[in-house]
Amino acid sequence: MKAGQGHALFTAECSHSFHFQCITSNVKHGNQICPICRAKWKEVPFQNPASDLFNRRSRISRGVWPQDDGWMNVVPQIPHPRFDANRHSAPLLQAHEPGVFDDDELFAPQTEDTASHENTSTDDRSIGSIEIETYPEVSAVARSASHSNFNVLLHLKAPVNGGEQRSDADQANPLLISQNSRAPIDLVTVLDVSGSMAGTKLALLKRAMGFVIQNLGPSDRLSVIAFSSTARRLFPLRRMTNDGRQEALQAVNALISNGGTNIAEGLRKGSKVMTDRKWKSPVSSIILLSDGQDTYTVSSPRVNTHTAQQSLLPSSMRRDSGAGANIPVHSFGFGADHDAVSMHSISEASGGTFSFIEAESVIQDAFAQCIGGLLSVVVQELQVVVDCVHPTLYLNSIKAGNYKTNLTADARTGFIEVGDLYAEEERDFLVVLDIPVEKCTNDMTLVKIKCHYTDPITKESVTLEELRNVVIERPETTGELSVSMEVDRQRNRLHAAEAMAEARAAAERSDLTAAVSVLEHCRNKLLDTVSARAGDRLCVALGAELKEMQERMANRRVYESSGRAYVLSGLSSHSWQRATARGDSMDSTSLVHAYQTPSMVDMVTRSQTMFFGNPSSQFTARPARSFSTQPQPR
């Protein structure tokens, strides 16, 4: 229960909200089903006589309930937050759990309408082409001069989501949209329900999961793992049809908090769901949320990050394992006591992102941003190829953050393994080479770019080649040349990320003075660059972020409680060039959200503005496309 513009608002376990007076009247006449999603309620609102309510509340110890009295009647089943993490905890659910998780639900059978929609041409079903743009550091180098570490910026932008273009007929038929707009996803959520999650935390987690469930389509599949001292699969990978969503909502609502924190066991179960499944959707991902430190597997993760990662993350989930799983774990550290180092290393090793949820109320928005991306994958298995054209040129390096790069033995060709891209997501890579003296030509062709990727909807392999090679002029002399604004801003981004990593290393050595000095020096240098002086938005955001990090390294207490997690989340964001949640705000106008895509912004806006009692706020997510062929087994 909470107040809302003069009216009491009741939020049900399925996450939909109603005026209390209206819904109690509805329940009084025997209706215990949500008017919106048709989920059957286990906890129903009713109006007590005022005197009885007063007498009953006067007997309740205030210490039993969370500080925010607005949640008092929403979480009556949550136990007392004081708990013994080492005591034996009861099983999460008593339902039988099979030894092999091969009971995943088959994809949706095709309807007649769907089949006719699938008979469209390949061009109509494909998602469009990646945009490729290149920018040399300067436009000319004198013939008699050489230029060491010359930068060429490679800029990629993914196409829009297939779901963006909708006809009036499609708008009137959400089910048809759900089967023809985007690639479906297999999503496994691994949720911490240890004793420290008691109270408001668990209530907000249930609400956030309700939002996720309501925004998955009938072709998407979801499985939920809950862990405390042990881990349990609440239900198998199941399609989020109306029945599937109701089952998922009921399973999530049944969660209680108890016991210790066994992240490794939760991830092992989540990995098992993915490896044992009979069928695979085009997109797969795991979401991990925890508010504590693993008390069963890792003794001191901050001493040895590699050991923590090896202990917590199953080998099949690691990018470098050779298992070919390619299933990123997007981890969310909840509150001040979570193990940011381990959560960050889990995500880095699997190809996912790490988000820091500082304020409890932001959890739904953080999940919304994540699924906004996952529900808009338009490019998979993207590989970028950079070839030197002029015979005297060789590649020095390719600066690509966390993305794997390699050069051929002759240094004439380089490769960047990018993987998946969300709709309209952008990537920037700096190719570094030396420009030699060249006295015979008026211009020099530097490199040419090719992209190989898979369309997740049609499963077709696509090869794109930049129509224009990167060319610079080689005049006798050059005047003062202006540096490319695009190249300058990306160099600033890379320098800022390097400074963040250096400052974090100093902070872990307990040298916070050196850490702050590194950040201050980088910030001053950044603000003096061409792009920053021109008011470039990315540079302004980087400056604000560096300043925020300085403040979160003011002393050891602040760094331990929030600084470490804030810095690690920032490093995750910059190294993958992908949005993460940081701190206590998910405001889309915040300067630290430079990598948000339109799909992410749409989903966060939906989370922030949704009033669950409004029928228009029901499931309208970019839905999944089913395929004309039957799904293939593993």
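All figures in this text were calculated on a predicted structure; none of them were measured in a lab. (Residues numbered from 1 in each chain as written. Predicted model: local features only at pLDDT ≥ 70, side-chain atom pairs only at ≥ 80, totals over all residues. Heavy atoms only, no water.)

Taking 1.5 Å of rise per residue, 14 residues should cover 20 Å, and helix 9 (residues 263-276) covers 20 Å from first to last C-alpha, within 8% of that figure. Counting buried positions over the 14 residues of helix 9 gives 11, a clear majority of the element. For helix 9, every residue scored as buried is listed here: I263, A264, G266, L267, K269, G270, S271, K272, V273, M274 and D276. (Helix = DSSP H or I, 4+ residues; strand = E, 2+ residues; numbered from the N terminus. Expected span 1.5 Å × (residues − 1). Buried < 20%, exposed > 50% of the residue type's maximum accessible area, 1.4 Å probe, protein only.)

To continue, consider the sheet that holds strand 11 (residues 354-357). What links the strands of a sheet is backbone hydrogen bonding, and the strands pair in either a parallel or an antiparallel sense. Read across the sheet, 6 strands follow the order 8-7-6-9-10-11 without closing on themselves; strand pairing throughout is mixed. Bordering the open sheet on either side are strand 8 (231-239) and strand 11, each of which pairs with just one other strand. Going across the sheet, the axis of each strand differs from the next one's by a mean of 15°, ignoring polarity. The pairing of strand 7 (residues 221-227) with strand 8 spans 6 bridges and is classified as antiparallel. By the bridge assignment for strand 8, L222 is matched with R238. Across the sheet, helix 11 (residues 340-350) touches strand 9 (283-290), strand 10 (329-334) and strand 11, and the angle it forms with strand 10 is around 165°. Docked against the sheet, helix 12 (residues 363-374) engages strand 6 (185-192), strand 9, strand 10 and strand 11, running at close to 165° with respect to strand 9. (Pairing = 2+ DSSP bridges. Axes fitted to C-alpha atoms, helices over the stretch in contact; angles between N-to-C directions. Contact = heavy atoms within 4.5 Å.)

It is worth spelling out the environment of L205 at this point. Within the secondary structure, L205 sits in helix 7 (residues 200-214). Along the primary structure L205 and L289 are separated by 84 residues, whereas in three dimensions their C-alpha atoms are 9.2 Å apart. Sequence-distant contacts of L205, defined by excluding residues within four places in its chain, comprise L191, D192, M197, L289, I363 and F367.

In this section: the side chain of D291. With respect to the helices and strands, D291 occurs in the loop between strand 9 and helix 10 (305-312). Setting aside residues up to four positions removed in sequence, D291 forms contacts with D192, S194, S196, M197, K201, F334, D337 and H338.

In this section: the packing of helix 16 (residues 537-551) against helix 17 (residues 556-576). At a minimum axis distance of 9 Å, the contact between helix 16 and helix 17 shows a crossing angle of 155°. Comparing their axes, helix 17 and helix 16 come out roughly antiparallel. Judged by the sense of rotation from one axis to the other, the crossing of helix 16 with helix 17 is left-handed. Note on element contacts: helix 17 touches helix 16 through V558, Y566, V567, G570 and H574, opposite L542, E545, E548, M549 and E551. Classifying every residue of the contact of helix 16 with helix 17 by side-chain character gives 5 nonpolar, 2 polar and 3 charged. (Parallel < 35°, antiparallel > 145°, perpendicular 65-115°, else oblique. Left-handed = near helix turned anticlockwise from the far one by under 90°. Nonpolar A, V, L, I, M, F, W, Y, C, P; charged D, E, K, R; others polar.)

Where like charges cluster on the molecular surface, the negative patch consists of E131, E133, E426 and E486. Residue position: E426 is located in strand 16 (residues 426-435). With a relative accessible area of 36%, E426 lands in the partly exposed category. (Patch = residues over 30% accessible without salt bridge, like charges linked within 9 Å, V, L, I, M, F, W, Y side chains within 5 Å. Areas by Shrake-Rupley, 256 points an atom, 1.4 Å probe, with all protein chains shown as cover. Salt bridge = Lys/Arg side-chain N within 4 Å of Asp/Glu carboxyl O. Lys, Arg positive; Asp, Glu negative; His and termini not counted. Charge placed at Lys NZ, Arg CZ, Asp CG, Glu CD.)

For the coordinates displayed, the defined rule picks out 25 salt bridges. One salt bridge in this structure joins D291 and K201, with 2.9 Å as the shortest N-O distance. Here K201 lies in helix 7 and D291 lies in the loop between strand 9 and helix 10, a separation of 90 residues in the sequence. Here D291 and K201 have matching classes, each one buried. Of the charged contacts in the structure, one is a salt bridge between R552 and E358, with a shortest N-O distance of 3.0 Å. One end of the pair, R552, is in the loop between helix 16 and helix 17; the other, E358, is in the loop between strand 11 and helix 12, with 194 residues separating them in the sequence. Among the ionic contacts, a cluster of salt bridges with common partners joins R504, E508, R556, E560 and R564.

As a further point, take the packing of aromatic side chains. What characterises a pair of aromatic rings is the spacing of the ring centres plus the angle enclosed by the ring planes. Applying the stated criterion to the full structure yields 3 aromatic pairs. For the pair F332 and F367, a centre-to-centre distance of 5.1 Å together with 65° between the ring planes defines the contact as edge-to-face. Placement of F332 in strand 10 and of F367 in helix 12 is noted, with a sequence separation of 35 residues between them. Its relative accessible area of 0% is what places F367 among the buried residues. Seen from their ring centres, Y403 and F429 are 5.9 Å apart, and the 85° between their planes marks the pair as edge-to-face. In this pair, Y403 is assigned in the loop between strand 13 (395-399) and strand 14 (404-407) and F429 in strand 16, connecting sequence segments 26 residues apart. (Phe/Tyr/Trp six-rings, centres within 6.5 Å; stacked < 30°, edge-to-face > 60°.)

Remember, this is a structural readout, not a statement about activity or role.
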